[in-house]
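Given next are the chains, with one letter for each unit.
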Amino acid sequence: MYSRGRTLSVRVYQLKVLLSLFMVAASSLTIELIPQCALKGKNVTLSVSEINGMLKSFSWYLGDAPSASNQIINYLVGLTPPTTNGPKNFSDAIGLPNGSLLIANLKDEYSNTYTVQVQADSPDQVTKKLTVTTDCPSGLSSGAIVGIVIGVLLGVALIAGLIYFIYKHLNSRDNI
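Residues numbered from 1 in each chain as written. Predicted model: local features only at pLDDT ≥ 70, side-chain atom pairs only at ≥ 80, totals over all residues. Heavy atoms only, no water.

## Some words on the packing of aromatic side chains
Argument step 1. Within this structure, the stated rule accounts for two aromatic pairs.
Argument step 2. Between F58 and Y75 the ring centres are 4.7 Å apart and the planes differ by 10°, which places this aromatic pair in the stacked class. Taken as a pair, F58 in strand β4 (residues 57-62) and Y75 in strand β5 (residues 71-76) lie far apart in primary sequence, 17 residues in all.
Argument step 3. According to the relative accessible area criterion, F58 is buried, its value standing at 0%.
Argument step 4. Judged by relative accessible area, which is 9%, Y75 ranks as buried. (Phe/Tyr/Trp six-rings, centres within 6.5 Å; stacked < 30°, edge-to-face > 60°. Helix = DSSP H or I, 4+ residues; strand = E, 2+ residues; numbered from the N terminus. Buried < 20%, exposed > 50% of the residue type's maximum accessible area, 1.4 Å probe, protein only.)

Laid out in structure tokens, this is it:
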């Protein structure tokens, strides 16, 4: 049987878990890849948006578990220079004043998970997977292409049927 103190500590733990889940659900910070397809040799921006309040600082990390050992950059707004390089910094990574990370001249080894921690009115963090590729898929999936082909074939059949109907209708008038 649980003692009163043990029950209280379990409830406190449950409350902490619920509050942390609420904080994750309430987070609106997002990262968008621009462009969405990261081509080898080109530039990509991990664009941060939905920052709550005025940006004070941000840090970018390799991987999804931020720590001092995998920090790429730390950016403090108002400092000159604002950027401090971390142990995982690479020359093609550039912190932008809006919290985003520009990666120039993409290489295969830049494929990784990137995490940003933002300090604004309230601290927040978000993670994004970046995959460097040599070619981008076309805008249409194979299913969409099949659908277009079937639609064109049905359209041609409908037009052919309409022409046949009109031709028959006109020929029947001539025979009267």
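## So, the pairing of strand β10 (residues 123-130)
Argument step 1. Relative to β10, strand β9 (residues 112-119) is paired through eight bridges, and the arrangement is antiparallel. Across the sheet, residue Q119 finds its bridge partner in β10, namely P123. (Pairing = 2+ DSSP bridges.)

## Describing the sheet that holds β4
Argument step 1. With antiparallel pairing, five strands are arranged side by side in an open sheet as β6-β5-β4-β9-β10. This sheet does not close on itself; its edge strands, each paired only once, are β6 (83-85) and β10. Strand-to-strand, the axes of this sheet are offset by a mean angle of 15°, without reference to chain direction.
Argument step 2. The pairing of β4 with β9 spans six bridges and is classified as antiparallel. If you follow F58 over to β9, its bridge partner there is V118. (Axes fitted to C-alpha atoms, helices over the stretch in contact; angles between N-to-C directions.)

## Some thoughts on the environment of V48
Argument step 1. Within the element layout of this structure, V48 appears in strand β3 (residues 44-49).
Argument step 2. Since its relative accessible area comes to 7%, V48 is described here as buried.
Argument step 3. Non-local contacts of V48, meaning those with residues more than four positions away in its chain, are made with L29, T30, I31, W60, N98, G99, S100, V116 and V118. (Contact = heavy atoms within 4.5 Å.)

## Regarding empty space enclosed by the protein
Argument step 1. With the rule as written, the count across this model stands at one cavity of 30 Å³ or more.
Argument step 2. If you add up the space inside the largest cavity, you get close to 40 Å³.
Argument step 3. What lines the largest cavity is simply L29, E50, I51, N52, V118, A120, S122 and D124.
Argument step 4. When its residues are assigned to classes, the lining of the largest cavity shows four nonpolar, two polar and two charged. (1 Å grid on protein atoms, 1.4 Å probe; cavity = no way out; pocket = protein on both sides within 12 Å on 5 of 7 lines; lining within 4 Å. Points joined across faces, edges and corners; volume = space filled by probe spheres on them. Nonpolar A, V, L, I, M, F, W, Y, C, P; charged D, E, K, R; others polar.)

## What about a nonpolar patch on the surface?
Argument step 1. On the surface, L162, F165, I166 and L170 cluster together to form a nonpolar patch covering roughly 410 Å² of accessible area.
Argument step 2. With respect to the helices, strands and loops of the structure, I166 is situated in helix α2 (residues 142-174).
Argument step 3. The class for I166 is partly exposed, based on a relative accessible area of 43%. (Patch = residues over 30% accessible without salt bridge, like charges linked within 9 Å, V, L, I, M, F, W, Y side chains within 5 Å. Areas by Shrake-Rupley, 256 points an atom, 1.4 Å probe, with all protein chains shown as cover. Salt bridge = Lys/Arg side-chain N within 4 Å of Asp/Glu carboxyl O.)

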